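# Coordinate analysis (summary)
Each chain, letter by letter, is given below.
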Amino acid sequence: MKQGLRVALLLGLLSGCTTTPPTIGDPAPQLTDRRKEQAYQEIFEKFTDRAEVYDGFDTRIFAAATFQSAAFREARVQRQAEFQFLPKPRVEELLTTERAEETQFNEFHMGVHVNDPKFEDFAIPKKSIWRIVLLTPVGEVEPVSVERIGRSTLDMRAFYPYLGVFWVAYKVRFPKVLKDGTPIIPESASHVTMRLASALGHAELRVHAR
């Protein structure tokens, strides 16, 4: 058994970098209606990207982010309604809140898996080793807030299945307009990119703009 484990580890090292951290724990919850599940996964993938920061063969961090577009917000609320059997008035209340937030911020749900906890400091104002920016056709924009939501839970994974057991979730908010009123994501933009950069390396997460 030990010999087999050593061989497996050696083959893993020789195969180079992996694109996802080891899967541990229960799989993310899914809807029983396969068509609804597939529809959600399609819109989820449209507004989601994943990236890694490496040091040789060692992974510094795995990162993923989902852009909270108007279309994704509605899909997420409808998914919540399916899981929780929410009454229609409650669904409309949630949608109203989501629509209001969408008009105020360009928001991302970000998940990170950091091998060394001291590098997981994204939400520490002015002290984080990471610089986070949104790249759009109008230029580079820094966030107005980075909020640490906390360790991944099974409930979170129902909406963001890239979150593994040891991942940490963040809410990253960028402004909607520049000081002169120019939209940060113009109507002509097809994609936007959120960049995470530090002395350890950088990751770019590119998603559809709408």
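To keep things clear, this report deals only with the structure shown in the data block. (Residues numbered from 1 in each chain as written. Predicted model: local features only at pLDDT ≥ 70, side-chain atom pairs only at ≥ 80, totals over all residues. Heavy atoms only, no water.)

## Looking at helix α4 (residues 88–104)
Quick reminder of the rule: Going along the chain from the N terminus, every DSSP run of H or I of four or more residues is numbered as a helix, and every run of E of two or more is numbered as a strand. For a helix, the expected span equals 1.5 Å multiplied by the residue count minus one. Throughout, exposure labels follow a simple rule: accessible area from a 1.4 Å probe, protein chains only, divided by the maximum for the residue type, with under 20% read as buried, over 50% as exposed, and the rest as partly exposed. Directions are taken from the helix axis to each C-beta atom, and the arc is the one they span. The contact definition used throughout considers only heavy atoms, calling two residues in contact when any of these lie within 4.5 Å.
End to end, α4 covers 25 Å across 17 residues, agreeing with the expected 24 Å (1.5 Å per residue, within 8%). V91, L94, L95 and E98 are the residues of α4 that are buried. Angularly, the buried residues of α4 cover 100° about the axis, an arc narrow enough to put them on a single face. Residues of α4 that are exposed and angled more than 90 degrees away from the buried face: P89 and T103. On its buried face, α4 sits against α3 (70–84).

## Describing the packing of aromatic side chains
The condition is simple: Two aromatic rings, drawn from Phe, Tyr or Trp (for Trp, its six-membered ring), form a pair once their centres lie within 6.5 Å of each other, and the interplanar angle then sorts them: stacked below 30 degrees, edge-to-face above 60, tilted otherwise.
What the rule picks out here adds up to twelve aromatic pairs. A centroid spacing of 6.2 Å and a plane angle of 20° characterise the contact between Y40 and F44, whose relative ring orientation is stacked. Taken as a pair, Y40 and F44 lie in helix α2 (residues 34–46) at a separation of four residues, close to a single helical turn. By the burial criterion, Y40 is buried, and F44 matches it. Each ring, one from Y40 and one from F72, has its centre 6.0 Å from the other, and the planes form 40°; the classification is tilted. Here the residue Y40 occupies a position in helix α2, and F72 occupies one in helix α3, the gap between them amounting to 32 residues. When sorted by exposure, Y40 lands in the same class as F72, which is buried.

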